[in-house]
Amino acid sequence: MNKKSYRHFIFRKILHNRLALTGGIFIIILSLIAFFASLIANDKPILVIYQNRLLLPCIYVPQDLKQADWLNIINKSDFSISPPIPYSPIGVNLNECLLAPSPSHWLGTDENGRDVLARMIHGSRISLQVGIIAVGISLIVGVYLGAMAGYYGGWLDSLISRFIEIMMCFPFFFLVLAVMAFLEPGIYKIMIVIGLTSWTGIARLTRGEFIKIRNEEYILAARCLGLSNSKIIFRHILPNAIAPVLVSATFGIASAVLVESSLTFLGFGVQIPTASWGEILSQGHKYLTIAWWLPLFPGLAIFLTVLAYNLLGEGLRDALDPRLTGSGDSW
Amino acid sequence: MWSYILRRVLLAIPTFIGISLITFFIMHLAPGDPATMALQGDSIGKGMSAANIEQMKETLGLNDALPVQYFRWMKRLVCLDLGESLKDHRKVTEKIWEALPNTLLLNLLALIVVYIVSLPLGVFSAEKQNTFFDKSITTALFILYAIPVIWLALLLIMLFYVKLNWFPASGIQSLDSEYMRWWPWLFDRLKHMILPLVCFSYAGFAVISRYVRSSMLEVIRQDYIRTARAKGLSEHKVIYKHALSNALIPIVTLLGLELPGLLGGSVIIEQIFSWPGLGWLFFDALNSRDYTVIMGLTVFTSILVLLSTLLSDILYAVVDPRIHYE
C-alpha cells in the first residue's frame, strides 16, 4: 500500500465516522470563530465610511481615531456595518453589571458589565492556542526522548525511562502549579509549562513503538545500506510509529484545554483583562448564588471543546486500528 | 517473587532522589529567589527594606551555593523535616499531617465508589458486548468523562445548595457540629462529603469500567474460558468465576495509577468546596508564595504516588505469579 492511498484511506474512514466528523466540524467552526473573533464581537464597526474615509476599525485603527467614540461615528457616518455582537470583550460598563441573559446581552454580563458572549468568543483564542502549542511542545519533547530511548536502548533507555517514571510521580496539578506560582503569569508561559509537564505519555508510547519497529527487516536493510542513525530514526521509523502518538496527542489537546481553564480558574493562568473561559468560570464561582449564567456558558464551551477533541481522537484511533472494521467500539 | 519486590523497592530510591532534584530545581527556577518571592506575596513583606530581605535570605541559607542548599534540604528531608512555613512559622510536616486525613478520606472513598460502580458496569458491558446496553453505557461514560470538574462542581453547588439546599457547599462539617451527638454528627459529615465525592469520582467511572471491559473481553477470548464452557459450566459461572477473577489482575495496578489523578484533582475540588485537605493547603501556600510549604507538599504528594505505584506493583506480583523482574 503506498503512502498516499493509506492517508486517503484513513481520511475516508474518519469522514464515515459520524461522531468523529461532528467533533472535527465543531473544532473547525471554533477555529473560525477564534480567528475572526474581533470581527464577530467588537464595539467598533467592521466597516464604516466616515468623512469620506473608508475605515476597517476592527482590523486597524488610525492614529487620530484612537480615542474616538465609535457610537458617535456610526451615527454620523454614511454607511457602516456593525459586528453581530456589538460589545468588546474588555469594555467595562459599570451600569450593566451582572445582568441576566436578555436580547441585548445574549449570555448576560459579568461583574464589570462586560458581555459574556463577547468574552467567550475572544476566549476561544486562548483555548485553541493553548491546546495546540502546549501539545506541540509535549510532542517535540516526548517524541524526541521516546525515540532516543526506544532506538538506542541500553543505558540511554534506562536513563530516559527513569526520568519518565520520576516525572509521572508528580501529581499533575501540584507540579504545574508549583512552577506557575514562581513565574510571572503569562499566556505563553502556561503553554510552555503545560507542554513541558505533559510529555510523559507521548514519550512512553513513542518508546514502545520504536522498540517494536527497530528490529523490523526494513530497518535492518536501511542499516545495511549504511544510512545514518538520524535518517533511520526520522525517515524510516518515525513515520511508521507516529500514528498512535498522534491519537494520544489529540486527547492531549483536550486535557490541555482543561488544564488551562483550571489554572485560570485558580488565578494562576491567563490574567485579566484578557478574556478566557476559565476566568468567567472563576467569576461564576464568586457570584454563584446570583449569577447562574456565569458558570453555565463557559463551562459548556469547555465541555463541548473537550468532547469534540475526544471524539476526533477516538475516530482517529478507530481509523488507524486495522483490526477494527465496524463502527467505533474500541473505546 | 521476593527478589522482584526487593529490586522494585531498591529502584524506588533513585526515583526518590530524582523527585527531590526536580522539586529543588523548580523552586530555584524562579526569577529572583524564594525569599523575595515570599515577601512579595506577603502584605508585611512589601514594606521591608532590601537589607531586611538580605538578612532573611541569610537566615534561610539562600545565599549558599545551590549544591550546598540541596544537600542541606535533602538531609532534612530524609529525617522527615520539611522546614517551617514562612507564613505562620509552623512546621510543614505538622500542617501536612493535619490536612492529610481529610484528603485521604475523600480520595479513598472516591476510589471505593469508583470501583463499586465501574466493576459491574465493565463486566456487564463485556458480557453484553455490542448490545444496546453496552453502547449506551459507553456513550454515557464518554460524555461524562469530558465534563470539566470545575463546571460540574459549580453546577452541583448551584443545584443542590443554592436552589434545593440539600447539601452544604463548603467545609467538612457544620459550625455547631461539636455539640452534636454522634449520629447527627456522622450525618452532617456525610452531607458535607457528598458533592466533593461526586466530583472526585465521576471521571474515574469511564476510565476504570473501560479497563474492566477490555480486560474481560481479553480474558473471554482465552482457551480456558472455551474449555470451561465446553465442559458445560453455566454462563454465569464462566463469567463471574473463571473470567472475572483473571480479568481483575490488571485492574489491581490501576489502584495505584488512580492516585495521582485524585491528588492532582484535589487542588481544584478542595479549593471549590473549602475542604481543608492537602490541595487546599497547597492552594493557600501558592497564594502566599509560602515556598517551604509548596516545596514540602510537592515532594510529599509525589512520594505518596511513588509509594502507591510501588504498592500496586508488589500487589501485582503477589496476585499474578507469572510476573518476574527482567
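As shown above, the structure is provided for reference.
Criteria and cut-off values
- Residues numbered from 1 in each chain as written.
- Chains lettered and ligands numbered in written order.
- Predicted model: local features only at pLDDT ≥ 70, side-chain atom pairs only at ≥ 80, totals over all residues.
- Heavy atoms only, no water.
- Helix = DSSP H or I, 4+ residues; strand = E, 2+ residues; numbered from the N terminus.
- Buried < 20%, exposed > 50% of the residue type's maximum accessible area, 1.4 Å probe, protein only.
- Contact = heavy atoms within 4.5 Å.
- Areas by Shrake-Rupley, 256 points an atom, 1.4 Å probe, with all protein chains shown as cover.
- Lys, Arg positive; Asp, Glu negative; His and termini not counted.
- Charge placed at Lys NZ, Arg CZ, Asp CG, Glu CD.
- Buried area = accessible area lost by both parts, 1.4 Å probe.
- Salt bridge = Lys/Arg side-chain N within 4 Å of Asp/Glu carboxyl O.
- Polar contact = N/O pair within 3.5 Å; in protein donor to acceptor, adjacent residues only side chain to side chain.
- Core = buried A, V, L, I, M, F, W, Y, C linked by side-chain atoms within 4.5 Å.
- Pairing = 2+ DSSP bridges.
- Axes fitted to C-alpha atoms, helices over the stretch in contact; angles between N-to-C directions.
- Parallel < 35°, antiparallel > 145°, perpendicular 65-115°, else oblique.
- Left-handed = near helix turned anticlockwise from the far one by under 90°.
- Nonpolar A, V, L, I, M, F, W, Y, C, P; charged D, E, K, R; others polar.
- Phe/Tyr/Trp six-rings, centres within 6.5 Å; stacked < 30°, edge-to-face > 60°.

(A) Here's a closer look at the overall build of chain B. Regarding its fold elements, chain B presents 12 helices and 0 strands. The linear arrangement of helices and strands in chain B, starting from the amino end, is α-α-α-α-α-α-α-α-α-α-α-α. Along the longest, intermediate and shortest principal axes, the C-alpha atoms of chain B span 85 × 55 × 40 Å. Counting all 326 residues of chain B, 51% fall into the buried class.

(B) Just the overall build of chain A, in detail. Counting its secondary structure elements, chain A contains 13 helices and 3 strands. Structurally, chain A occupies a C-alpha span of about 80 × 45 × 45 Å along its principal axes. Residue burial in chain A is summarised as follows: out of 331 residues, 49% are buried. The contacts in chain A between residues at least 6 apart in sequence include a share of 68% that link residues at least 24 apart. Surface exposure of chain A reaches about 16,000 Å², of which carbon and sulfur atoms provide 64%. One finds the centroid of the 25 positive side-chain charges in chain A at a distance of 10 Å from the centroid of its 20 negative side-chain charges.

(C) Highlighting the interface of chain B and chain A. Facing 58 residues of chain B, the contacting portion of chain A comprises 42 residues. Between chain B and chain A, a total of about 4,500 Å² is buried, with carbon and sulfur atoms accounting for 81% of that surface. Among the residues of chain B in contact with chain A, F142(B), W151(B) and L154(B) are the three that bury the most area, contributing 16% of the side total. There are 0 salt bridges connecting chain B and chain A. Summed over the shared surface of chain B and chain A, the result is 3 residue pairs in polar contact (both at pLDDT 80 or more). Looking at the side of chain B that touches chain A, the elements with two or more residues in it are helix 1 (2–27), helix 6 (132–146), helix 7 (149–163), helix 8 (182–220), helix 10 (235–272), helix 11 (278–287) and helix 12 (291–319) of chain B. The leading source of residues in the side of chain B that touches chain A is helix 1 of chain B, at 10 residues.

(D) Up close: the nonpolar core. Counting residues in hydrophobic clusters, the biggest one holds 183 residues, and the most contacted among them are L177(A), M216(B), I272(B), F282(B) and I294(B). If one sorts the elements of this core by residue count, helix 5 (residues 116–152) of chain A sits on top with 16 residues. In this view, M216(B) contacts V123(B), A126(B), I239(B), A243(B), L244(B) and A247(B); residues no more than four positions away in its chain are not counted. The next biggest cluster of nonpolar side chains, apart from the first, holds 8 residues, and it includes I10(A), V247(A), L316(A) and L320(A).

(E) Inspection of the sheet that holds strand 1 (residues 47–50) of chain A at higher detail. Residue and element names in this part refer to chain A. The strand order across the open sheet formed by 3 strands is 2-1-3, and the pairing between neighbours is antiparallel. The open sheet has two free edges, formed respectively by strand 2 (53–55) and strand 3 (79–81), since each of these has just one partner strand. Across the sheet, the axes of successive neighbouring strands diverge by a mean angle of 20 degrees, strand direction being ignored. Pairing of strand 1 with strand 3 involves 3 bridges; the strand directions are antiparallel. Each bridged residue has a counterpart across the sheet, and for I49 the counterpart in strand 3 is F79.

(F) Representation of the environment of F36(A) within the structure. All names here are of chain A. Looking at the secondary structure, you find F36 in the loop between helix 2 (18–35) and helix 3 (37–40). The class for F36 is partly exposed, based on a relative accessible area of 37%. On a C-alpha basis, the gap between F36 and H122 in space is 9.1 Å, while along the polypeptide they are 86 residues apart.

(G) Main features of unusual backbone geometry. Residue and element names in this part refer to chain B. The backbone phi angle of H89 is positive, close to 60 degrees, even though this residue is not glycine. Assignment of secondary structure puts H89 in the loop between helix 4 (66–78) and helix 5 (92–127). By relative accessible area, which is 52% here, H89 ends up exposed. For N165, which is not a glycine, the phi torsion comes out positive at approximately 55 degrees. Relative to the assigned elements, N165 resides in the loop between helix 7 and helix 8. With relative accessibility at 56%, the residue N165 sits in the exposed group.

(H) Local environment of the packing of helix 5 of chain B against helix 10 of chain B. Residue and element names in this part refer to chain B. The geometry of helix 5 relative to helix 10 is characterised by a closest axis approach of 9 Å and an angle of 140 degrees between their N-to-C directions. Here helix 10 runs oblique to helix 5, going by the angle between their axes. Crossing geometry of helix 5 relative to helix 10 is assigned as right-handed. Every residue of helix 10 that contacts helix 5 at T103, N107, A110, L111, Y115, L119, V123, F124 and E127 is listed here: I239, Y240, L244, L248, I251, L254, L255, E258, L262, L263 and E270. Of the residues assigned to the contact of helix 5 with helix 10, the class counts are 15 nonpolar, 2 polar and 3 charged.

(I) Inspection of the side chain of T301(B) at higher detail. Along the polypeptide, T301(B) turns up in helix 12. Within the local environment of T301(B), its side chain forms a polar contact with the backbone oxygen of T298(B), the two atoms lying 3.2 Å apart. Residue contacts for T301(B): discarding those within four places in its chain leaves C169(A), P171(A), F174(A), L263(B) and L278(B).

(J) Main features of the packing of aromatic side chains. Counted under the stated rule, the structure contains 17 aromatic pairs over all chains. A ring pair is formed by F35(A) and F36(A), whose centres lie 5.0 Å apart and whose planes are at 85 degrees; its orientation type is edge-to-face. A centroid spacing of 6.0 Å and a plane angle of 70 degrees characterise the contact between W182(B) and W183(B), whose relative ring orientation is edge-to-face. Note on accessibility: W182(B) and W183(B) belong to one class, exposed. Cluster of aromatic residues (ring-pair linked, three or more members): F24(B), Y70(B), F71(B) and W73(B).

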